[in-house]
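If you want the building blocks of each chain, they are given just below.
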Amino acid sequence: MTTGNVVDDPERVVTLVGQYLNAGDYRRAEQLARPALATHPDHVGLRLALARSLLGLEDNLAAAHAAYGVLTGAPDNMTAMRVYALALSAIGWRDQAQYIAWRAVTGDPYEPASHYVYAVVLHNAGHDEVALTAVTEALRLAAADPVDYLLLQGRILRRMGRQRESTTAYERVLQLDPANGFAVHNIAVNRMDKGRWARALGGLLTAARMDPQIGGVVRSNIAKGLRGPLRIASLLAVALMVLPIVIHEHQANGHNVTGLRLLLFAGVALVFGYLYWLYRRLPVASWRSALAARPFYVVRLVVVGAALVVAMVAALDVHGYPQVQAAVIIGLFCSAGVIFLGQLAGL
């Protein structure tokens, strides 16, 4: 595609670059635009195509320079304004980005893409109420294929704490694009925010299979999603350590503790079953990455495992050996300490 006759036809290059941009192949788009631009340095379409390619490659400073170059020769080019605003927002120049995005909106108020870019810029700056209004207007004006707009609307609503409406936006995305991994991923994150971590973990794994490109984000959110169930495991470990103390006190007072011992056996079985069920929720590779990302989770699991062993020994200790009671006390303090440290660290 980079033969001489193509480079010599800038309009054809612009068309081909547009196809690559639509397909998300930003590197190939840039490689096609640059040699053509060297031959036709003043061609606005080529300069704009390069700016869009650089923006897709997240070379935001270069994209801003390229878009600004277009605007110096064509100050009313709305596409260049939108690219410039997005690039400025990405490099942290938020006030300038909002000004340029607003100019694009006022310059062409019936163009949904301008409202969408304005919403992106406002969302990046933390102005979610106004951003929601802008993306809603973009959706109203869009004739078809508003997947990107709905994804943005979902992100804005989630950050505003409106998870139910956010999930509705993502479900609309899946109606239009059933293979959209981002929508599946973000629905799972909404479930995780609501404490529905079991379904959330399954949704995250499904999203990773649908779109391997978001694997890094999925792994990070899986690690976050395990925080809730592992906290529950720590609480169960505390309960396991309290029950042997109750059994010891009843036994010291001459009471029959058979029922309490059976209860302790049941508690051990319950916690073991809970850990096994949790283990089966994720593949081994996901566990490895989550534990590598959050070493404190390893501490939680070790303490819970130790509590299981101590509780089992205590349930079998019919003579009330002081060594067993000492181990129970140590286990109780360790389990409580892990809960306390986890709360402080947010883990």
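Figured I'd write up the structure that's included with this text. Given the structure is predicted, the values throughout are model-derived calculations rather than measurements. (Residues numbered from 1 in each chain as written. Predicted model: local features only at pLDDT ≥ 70, side-chain atom pairs only at ≥ 80, totals over all residues. Heavy atoms only, no water.)

1. Some remarks on the overall build of the protein chain
- If you tally the helices and strands in the protein chain, you get 19 helices and zero strands.
- For 347 residues, the compact-globule formula gives about 20 Å, and the C-alpha radius of gyration of the protein chain, at 29 Å, lies well above that figure.
- With the C-alpha coordinates of the protein chain rotated into their principal frame, the extents come out at 95 × 40 × 35 Å.
- Every one of the 347 residues in the protein chain was classed for burial, and the buried ones make up 46%.
- Across the protein chain, the fraction of contacts at a sequence separation of at least 24, relative to all contacts at a separation of at least 6, is 59%.
- Surface accessibility of the protein chain: about 17600 Å² in total, with carbon and sulfur atoms responsible for 59%. (Helix = DSSP H or I, 4+ residues; strand = E, 2+ residues; numbered from the N terminus. Rg over C-alpha atoms; globule rule 2.2 N^0.38 Å. Buried < 20%, exposed > 50% of the residue type's maximum accessible area, 1.4 Å probe, protein only. Contact = heavy atoms within 4.5 Å. Areas by Shrake-Rupley, 256 points an atom, 1.4 Å probe, with all protein chains shown as cover.)

2. Considerations on the packing of aromatic side chains
- Within this structure, the stated rule accounts for four aromatic pairs.
- An angle of 45° between the planes, with centres 5.5 Å apart, marks the rings of W102 and Y118 as tilted. Highlighted residues: W102 in helix α7 (residues 94-107) and Y118 in helix α8 (residues 112-124), separated in sequence by 16 residues.
- The exposure class of W102 is partly exposed, given its relative accessible area of 44%.
- With a centroid separation of 4.8 Å and an interplanar angle of 25°, the aromatic rings of Y116 and Y149 are classed as stacked. (Phe/Tyr/Trp six-rings, centres within 6.5 Å; stacked < 30°, edge-to-face > 60°.)

3. Description of the layout of surface pockets
- Quantified by volume, the largest pocket comes out at close to 2100 Å³.
- Listed by contribution, the elements that provide at least two residues to the lining of the largest pocket are α2 (10-23), α4 (44-56), α6 (78-90), α8, α10 (147-159) and α12 (181-193).
- Of the residues in the lining of the largest pocket, the class split is 25 nonpolar, 13 polar and 11 charged.
- Listing elements by their share of the lining of the second largest pocket, those giving two or more residues are α11 (163-176) and α12.
- When residues in the lining of the second largest pocket are grouped by element, the largest group, four residues, is from α11. (1 Å grid on protein atoms, 1.4 Å probe; cavity = no way out; pocket = protein on both sides within 12 Å on 5 of 7 lines; lining within 4 Å. Points joined across faces, edges and corners; volume = space filled by probe spheres on them. Nonpolar A, V, L, I, M, F, W, Y, C, P; charged D, E, K, R; others polar.)

4. Some details on the environment of L263
- Inspection of the secondary structure assignment puts L263 in helix α16 (residues 258-280).
- Classification of L263 as partly exposed rests on a relative accessible area of 47%.

5. Things to note about a nonpolar patch on the surface
- A cluster of nonpolar side chains, contributed by F272, Y276, Y279 and V284, occupies part of the molecular surface with about 430 Å² of accessible area.
- Counting residues per element, the nonpolar patch draws most heavily on α16, at three residues.
- Mapped onto the elements of the fold, V284 is located in helix α17 (residues 284-293). (Patch = residues over 30% accessible without salt bridge, like charges linked within 9 Å, V, L, I, M, F, W, Y side chains within 5 Å. Salt bridge = Lys/Arg side-chain N within 4 Å of Asp/Glu carboxyl O.)

6. Quick word on unusual backbone geometry
- In the Ramachandran plot, E58 falls in the positive-phi region, its phi being about 65° despite a non-glycine side chain.
- Taking relative accessible area as the criterion, E58 reaches 64% and is therefore assigned exposed.

7. Considerations on the side chain of D211
- Summarising the element assignment, D211 is placed in the loop between α13 (197-210) and α14 (215-225).
- Discounting chain neighbours no more than four positions away, the residues touching D211 are G181 and F182.

8. Looking at the nonpolar core
- Formed by 61 residues in total, the largest nonpolar core has its most connected members in V17, Y84, Y116, V135, Y149 and L152.
- Leave out the neighbours within four places in its chain, and V17 touches A29, L32, A33, A49 and S53.
- By size, the runner-up hydrophobic cluster in this structure holds 41 residues, among which are M241, L243, I247 and V271. (Core = buried A, V, L, I, M, F, W, Y, C linked by side-chain atoms within 4.5 Å.)

Note that all results are geometric; they support no functional claim without further evidence.
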